[in-house]
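# Geometric and topological summary
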Amino acid sequence: MKSKAYLFLTTAWSAFTLPALAQTAADSTVSTVSSAQAGITFAGYVEAYYSHDFTAPKTNQERPGFLYNHKRNREVNVNLAFLKGAYTSERIRANLAIEVGTYAQYNYAAEQPLLRNIFEANAGVKLSKTKDLWLDAGIFTSHIGFESAISKDCWTLTRSILAENSPYYLSGAKLTYNTANGKWTLLGSMLNGWQRIARLPGYSGPSLSTQVQYKPNANLVLNWSTFMGSDRPDSLKQTRFFNNFYAIINPNKKVSAILGFDIGSDRKPVGADGRRVGSGNYLWYSPVAIVRYSLSDAVKLAGRVEYYDDKNGVIITTGMPNGFKTWGYSLNVDYFILPNALFRVEGKVCDSQDAIFEAKSSLSKTNTSLTTSLAVSF
């Protein structure tokens, strides 16, 4: 699963040299280039990490089941590494990125084996000579959310719970329009499903997704993204409607904030007798707030408070009476050793209403961890 803090790509190379704003634009299919800039570029990214879970037994090799990034416990590993080639011209663009790491291992586990190492593979054509209107098709980084799998582009080392449990990648075709003044981005897409490259067996699809993003000035981004479809077989008749809202606020060079809110709805399923198991919908929601403080260009601090409520276990199943109702708190320190080399340390605590975390002797309501990472882009 997935999910999304900075604007990721204008061209393949600028993805690793320019700061950005959000996962919604972490997709390299969001901008145009002049004919003078046309050509093939190559880039890469490697993030190594060590995560220490203080709550789980020492022999546990994995972090809790609702996490998909920085998943391995008490071992040095690679979260995400990829090599990317991109072609851009005035009216054509294409991207191909091959990935390895524990992010791919866990997040792509349901995909066909030959597709599990594709981080991005898409082609696009500009439909208008005068308007910034593009049609792209293939596998994309998700436009839903303000975080991406590329940790260096996010304000916190680990992902928020809402990002871990909403799409990190999408597959299908999309239309993207950017206004001439750069203030509005409008997107509509037809997808194979909820974070699916191959369509879910028994689901006829397609799913639909939209995005409306408004940037009135350099200090504010407002975003609304939706998903409409299902992540269940047609026989259950469970329509999903999901909304992602966020605001990125940069009032000055020192303090900035992200306010996000996800809310989703799955219709209650049809049972074996052909009748619905009750009326209405199963709901889940998650608010999150992140504040970042820049001590200098090289040192930044970020704190996060979040809550995830999925009492019916639509996205996160626990088997407990209250489902998944969990608070999360984290604090991280970032040190930019070089402009393209980032070292990070993050402490994180999750506090659940029920005892859902595996502990040394029993189950615990809390989970405490410390994660460090070193990310290099080139």
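As the structure is a computational prediction, the values presented were derived from the model and not from experiment. (Residues numbered from 1 in each chain as written. Predicted model: local features only at pLDDT ≥ 70, side-chain atom pairs only at ≥ 80, totals over all residues. Heavy atoms only, no water.)

### Some remarks on the pattern of salt bridges
Under the defined criterion, the tally for this structure stands at 14 salt bridges. When the shortest N-O distance is used, the salt bridge between Glu 120 and Lys 84 registers 2.8 Å. Placement of the pair is Glu 120 in strand β4 (residues 118-126) and Lys 84 in strand β2 (residues 76-88), with a sequence separation of 36 residues. Close ionic contact of Glu 346 with Arg 304 constitutes a salt bridge, the shortest N to O distance being 3.6 Å. With Glu 346 in strand β15 (residues 341-352) and Arg 304 in strand β13 (residues 299-310), this pair connects stretches of sequence that are 42 residues apart. We note that Glu 346, like Arg 304, is buried. If you follow the salt bridges from partner to partner, you end up with Glu 147, Arg 159, Arg 304, Glu 306 and Glu 346 in one network. (Salt bridge = Lys/Arg side-chain N within 4 Å of Asp/Glu carboxyl O. Helix = DSSP H or I, 4+ residues; strand = E, 2+ residues; numbered from the N terminus. Buried < 20%, exposed > 50% of the residue type's maximum accessible area, 1.4 Å probe, protein only.)

### Considering the side chain of Ser 364
Secondary-structure assignment places Ser 364 in strand β17 (residues 363-364). Residues in contact with Ser 364, not counting those within four places in the same chain, are Thr 55, Asp 354, Ala 355, Ile 356, Phe 357 and Ala 359. (Contact = heavy atoms within 4.5 Å.)

### Looking at the confidence of the model for the chain
Mean pLDDT over the chain stands at 91; residues scoring 70 or higher make up 90%. Low confidence marks residues 2-26, where pLDDT is under 50. Its contacts with residues over four positions away, or in another chain, come to 126 contacts. (pLDDT = per-residue confidence, 0-100.)

### Quick notes on the state of the cysteines
The tally for this structure, following the rule as stated, stands at 0 disulfides. Not part of a disulfide, Cys 154 finds its nearest cysteine sulfur in Cys 350, a span of 17 Å. The exposure class of Cys 350 is buried, given its relative accessible area of 5%. (Disulfide = S-S within 2.5 Å.)

### Description of empty space enclosed by the protein
Roughly 80 Å³ of volume is contained in the largest cavity. Looking at the largest cavity, the residues that line it are Arg 63, Leu 67, Asn 69, His 70, Thr 158, Arg 159, Glu 164, Glu 346, Gly 347, Lys 348, Ser 369 and Thr 371. In terms of residue count, β15 provides more of the lining of the largest cavity than any other element does, 3 residues in total. For the lining of the largest cavity, a count of residues per class yields 1 nonpolar, 6 polar and 5 charged. (1 Å grid on protein atoms, 1.4 Å probe; cavity = no way out; pocket = protein on both sides within 12 Å on 5 of 7 lines; lining within 4 Å. Points joined across faces, edges and corners; volume = space filled by probe spheres on them. Nonpolar A, V, L, I, M, F, W, Y, C, P; charged D, E, K, R; others polar.)

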